[in-house]
Amino acid sequence: MADIARHGTCPPTRHGPGAATYHGRMSFLRRRSATPAGPDFDVLAMDPSDWPGNLNAGLLPAPDGSCQGLYLRYDLFGGRGPAMIIGNLPEGSPARDIADDEIPFEVAELLLALENDEEVSVVSTEDMPVMQGDNLLIVRRLKLSESRISCVQFDRSDNVLVTIATWDRPITDDLYALLKPLPAELFQQG
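Below, the discussion takes up the overall build of the protein. In terms of helices and strands, the protein carries 2 helices and 11 strands. Overall, the protein shows an N-to-C arrangement of helices and strands of β-β-β-β-β-β-α-β-β-β-β-α-β. Per-residue burial for the protein yields a buried fraction of 49% across its 190 residues. Long-range pairs, those at least 24 residues apart, make up 54% of the contacts in the protein between residues at least 6 apart in sequence.

Now for the packing of aromatic side chains. In total, this model carries 3 aromatic pairs according to the counting rule given. Between the aromatic rings of Trp51 and Tyr74, the centroid separation amounts to 5.4 Å while the plane-to-plane angle is 70°, which identifies the pairing as edge-to-face. With a gap of 23 residues between them, Trp51 in the loop between strand E3 (43–46) and strand E4 (53–61) and Tyr74 in strand E5 (residues 67–76) connect regions that are remote in the sequence. A relative accessible area of 16% means that Trp51 is categorised as buried. With a centroid separation of 5.5 Å and 70° between ring planes, the pair formed by Tyr71 and Phe105 is classed as edge-to-face. Of the two residues, Tyr71 sits in strand E5 while Phe105 sits in helix H1 (residues 105–113), which places them 34 residues apart along the sequence. Assessed through its relative accessible area of 8%, Tyr71 is described here as buried. Under the relative-accessibility criterion, Phe105 is labelled buried at 5%.

It is worth spelling out H1 at this point. Counting buried positions along H1 gives 7 out of 9 residues, so the element sits mostly inside the fold. Listed in full, the buried residues belonging to H1 are Phe105, Glu106, Val107, Ala108, Glu109, Leu110 and Leu111. Along its buried surface, H1 packs onto E4, E5, strand E6 (82–89), strand E8 (135–144), strand E9 (149–155) and strand E10 (161–167).

Before going further, it helps to examine the pairing of E10. Summarising burial for E10: 7 of the 7 residues are buried, a large majority. Bridge count between E6 and E10: 6 bridges; the pairing is antiparallel. When the sheet's bridge partners are listed, Ile85 is paired in E10 with Ala165. Counted between consecutive antiparallel strands, the loop separating E9 from E10 contains 5 residues, among which Asn159 sits at a positive phi close to 65°.

At Glu115, a residue that is not glycine, the phi angle is positive and equals roughly 55°. Relative to the helices and strands, Glu115 is located in the loop between H1 and strand E7 (122–132). Of note, the phi angle at Asp168 is positive, near 60°, even though the residue is not glycine. Structurally, Asp168 can be placed in the loop between E10 and helix H2 (173–178).

Calculation notes
Residues numbered from 1 in each chain as written. Predicted model: local features only at pLDDT ≥ 70, side-chain atom pairs only at ≥ 80, totals over all residues. Heavy atoms only, no water. Helix = DSSP H or I, 4+ residues; strand = E, 2+ residues; numbered from the N terminus. Buried < 20%, exposed > 50% of the residue type's maximum accessible area, 1.4 Å probe, protein only. Contact = heavy atoms within 4.5 Å. Phe/Tyr/Trp six-rings, centres within 6.5 Å; stacked < 30°, edge-to-face > 60°. Pairing = 2+ DSSP bridges.

Below is the structure:
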């Protein structure tokens, strides 16, 4: 399985943390605020072994030290930058409470990783059916003012909101087929 560097992060902001990456199996970047032990839910994402690049994971801590969400950043090899962020936010996560025209947390993280400080907003949304294995998903496709970003969201049966944001590539049915539930233990601190 590919190495994953994990980062504890601050609550979602337009200009989130600029953390350095530790290159060790499942290591965490320590921060002054409490970093949660990890999620108490499985994470729906692309398996690290299916991604031909670097992978980083970030946790969203609550003041009580619990996990309010997790995101995975998929980077291209050769220092060519981030390609995609997949976030899993449980019900009650403050990162889910945004205005209709405000970008999702994952899009803000993608812009931060790209060092792109342009103002981006949601222009429109469209619901569409997508098959993921034997499951029918109702996916909300977000059209953004930055046309190079593709973004979709859908709710899992356990009320975890999944958001996928990609840079300069469309989100296709092939990607949904690659999504798998990754066990919470994979993201637990030791």
